[in-house]
Amino acid sequence: MGAASQQQSASRFGYRGYVASRAVRGTNFPQHVQNLVVRDYAARHGLHYLLSVTEYAMPSCYLMLNALLDELPRLEGTVFFSLFMLPRAKARRLEIFERVLARGCELHAALENVALRRRDDIAALEDVLQVAFTLPLLPLAGRYEKDENSREERARDPFWSVLERSL
Amino acid sequence: MNLLRDEERKLAAEFLSRGYVIAEAEDRAALDRIQSAAAYAAAAFLGLPAPADPGAFCDAIGEQVTAERLNDLRLAVINSIVGEPWFRAAYFACARTLIESLVGNELAMQRGIGLSIQLPNDEKSLLPLHSDAWSEDSPFEVVLWVPLVDVFRTKSMFILPKEREERWRAVMPQYADRGVGALFGDMEPDVRWLDIPYGKVLVFTHTLMHGNHVNREATARWSINVRFKGLFTPYSDKRLGEFFEPITIRPASRIGMTYEQPTGFSE
């Protein structure tokens, strides 16, 4: 490692947690539970955890994420509670990935147990996000519900009615 | 219209009537590599030299480890083989065309693995009667269950075949106060213990009731289980990203997922 890189590493320290105030994939996880997941992930991967910043509740608001990105020069990386806290717009996500990598940082997602460490990692992360964003367009909205009310809804779903008649 | 090929029709009929299929591993070299990796990882954990005969070593693991240390051994083996960059491709290769015939060719695969090591007469490593669809799993999933040793009778798993399942499903509420043990006790004559020699694989729908019992045979059971499902079929609480990952996204889907209609028109 060169002197410049050593100096850069020495001035960086830890992985900042990033947790949500709004639903993640339709579920409202209490913030203390999100922090437990993030801290556990950091401990299991030998990452020095830094106190989480909490994104605001307003839909599509990324003010805290942007502040976190501004802090990257002083960090080794960040641990998101979930990959699904990234913006829905692909161009915005790619911009964030590029910023993280350009700063020599890592972006981890604790719930999904995945990490962005190099450019090659982007494709696999994007595959998961892209398919997941497509699931609501599928029969049953991509979700198999097990309770009675949801089954009744399924029976009323025109797609399933047509399909069942066709079998 | 049904344009499945003849061999696919036969396979589909077998799977729909019984709920499972047992077939030769499609890539024996891949299976042998997995078996060796598991045996070597176990030997390393126990401070033993790499075994010359991985199958025999796995069978006789009960001579090397106590039931109390078994779970630590199991976790060490899981961590070791899951960490191998070739493992997931090798596991899929053991039954790729079978899974594509039964499930589809655009697939999601479980990210972790289940590994069962059941020592002879060990009463602590039991998996009572259950269906995965009763908890977090979607009924659209199948399980690829691969034994790393010959499994038979109580050294294997049991399954309630589809043709007998409906009757037992109907009477389940009668056991609400007596528990799953009583249900299994009465059902036991109807369950099938699957004899599967090493070199074969099992694919089953976990919507069927299944489980294991005390291994009363002389050697240990080793088996791996991993779930597969159609990438674009409904998920339950084991979700894409956390539990499953895409493994075969086709180009038409990539185009469709990112396609945007032209915009900017006005009346």
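Residues numbered from 1 in each chain as written. Chains lettered and ligands numbered in written order. Predicted model: local features only at pLDDT ≥ 70, side-chain atom pairs only at ≥ 80, totals over all residues. Heavy atoms only, no water.

Things to note about the overall build of chain A
Just so we agree on the cut-off: Helix numbers and strand numbers start at the N terminus; a helix is a DSSP run of H or I with at least 4 residues, a strand a run of E with at least 2. Using a 1.4 Å probe on the protein chains alone, a residue whose accessible area is under 20% of its type maximum counts as buried, one over 50% counts as exposed, and one in between counts as partly exposed. Computed with the Shrake-Rupley method and a 1.4 Å probe, the accessible areas treat only the protein chains shown as cover for residues.
In terms of regular secondary structure, chain A is built from 7 helices and 5 strands. In sequence order, chain A lays out its α and β elements as α-β-α-β-α-β-α-β-β-α-α-α. With 167 residues in all, chain A has 44% of them scored as buried. Accessible surface for chain A amounts to roughly 9,200 Å². Of this, 53% is attributable to carbon and sulfur atoms.

A short note on the interface of chain B and chain A
The test is simple: Working rule for contacts: check all heavy atoms of both residues, and any pair within 4.5 Å makes them a contact. Salt bridge, as used here, is a side-chain nitrogen of Lys or Arg placed within 4 Å of a carboxyl oxygen of Asp or Glu. In protein, a polar contact means a hydrogen-donor-capable atom and an acceptor-capable atom, both N or O and within 3.5 Å, with residues adjacent in sequence counting only if both atoms are side-chain atoms; elsewhere, any N or O pair within 3.5 Å suffices. Each residue is assigned to one class: nonpolar for Ala, Val, Leu, Ile, Met, Phe, Trp, Tyr, Cys and Pro, charged for Asp, Glu, Lys and Arg, and polar for all the others, Gly among them.
The interface is formed by 25 residues belonging to chain B together with 24 residues belonging to chain A. Linking chain B with chain A are 3 salt bridges. Between A:D127 and B:R254 there is a salt bridge, with its nearest N and O atoms 2.8 Å apart. The interface formed by chain B and chain A includes 10 residue pairs in polar contact (both at pLDDT 80 or more). By residue number, the principal contributor to the side of chain B that touches chain A is helix 9 (residues 251-258) of chain B, which donates 3 residues. Split by residue class, the side of chain B that touches chain A holds 11 nonpolar, 6 polar and 8 charged.

Details of the side chain of B:T154
Residues and elements named next belong to chain B. Mapping T154 onto the fold places it in the loop between strand 4 (141-147) and strand 5 (158-159). T154 gets classed as buried once you look at its relative accessible area, which sits at 18%. Filtering out sequence-adjacent residues up to four positions away, T154 remains in contact with W193, H213, V214, N215, R216 and E217.

Notes on the packing of aromatic side chains
Residues and elements named next belong to chain B. Applicable threshold: To pair, rings of Phe, Tyr and Trp, with the six-membered ring standing in for Trp, must have centres within 6.5 Å; the planes then decide the type, stacked if under 30 degrees apart, edge-to-face if over 60, and tilted in the middle.
Under the criterion given, the structure shown has 11 aromatic pairs over all chains. Measuring from centroid to centroid gives 5.7 Å for F87 and Y91, while their planes differ by 40°, and the two rings are tilted. Placement of the pair is F87 and Y91 together in helix 5 (residues 87-93), with a separation of 4 residues, close to one helical turn. The exposure class assigned to F87 is buried, which follows from its relative accessible area of 1%.

What to know about the packing of helix 4 (residues 90-102) of chain A against helix 5 (residues 122-134) of chain A
All names here are of chain A. To keep it simple, the criterion reads: Convention adopted: a line fitted to C-alpha atoms gives each axis, helices being fitted over their contacting stretch, and angles between N-to-C directions are expressed from 0 to 180 degrees. Reported orientations rely on four angle classes, namely roughly parallel under 35 degrees, roughly antiparallel over 145, roughly perpendicular from 65 to 115, and oblique for the rest. Note on convention: near helix rotated counterclockwise from far helix by under a right angle means a left-handed crossing. Clockwise means right-handed.
Look at helix 4 against helix 5: their axes get within 12 Å of each other, and the N-to-C directions meet at 155°. The angle between the axes of helix 4 and helix 5 places the two elements in the roughly antiparallel class. Every pair of crossing elements has a handedness; the one defined by helix 4 and helix 5 is right-handed. Residue-level contacts link K90, R93, L94, F97, E98 and L101 of helix 4 to I122, L125, E126, L129, Q130 and F133 of helix 5. Of the residues assigned to the contact of helix 4 with helix 5, the class counts are 7 nonpolar, 1 polar and 4 charged.

Any functional reading would require information that these geometric values do not contain.
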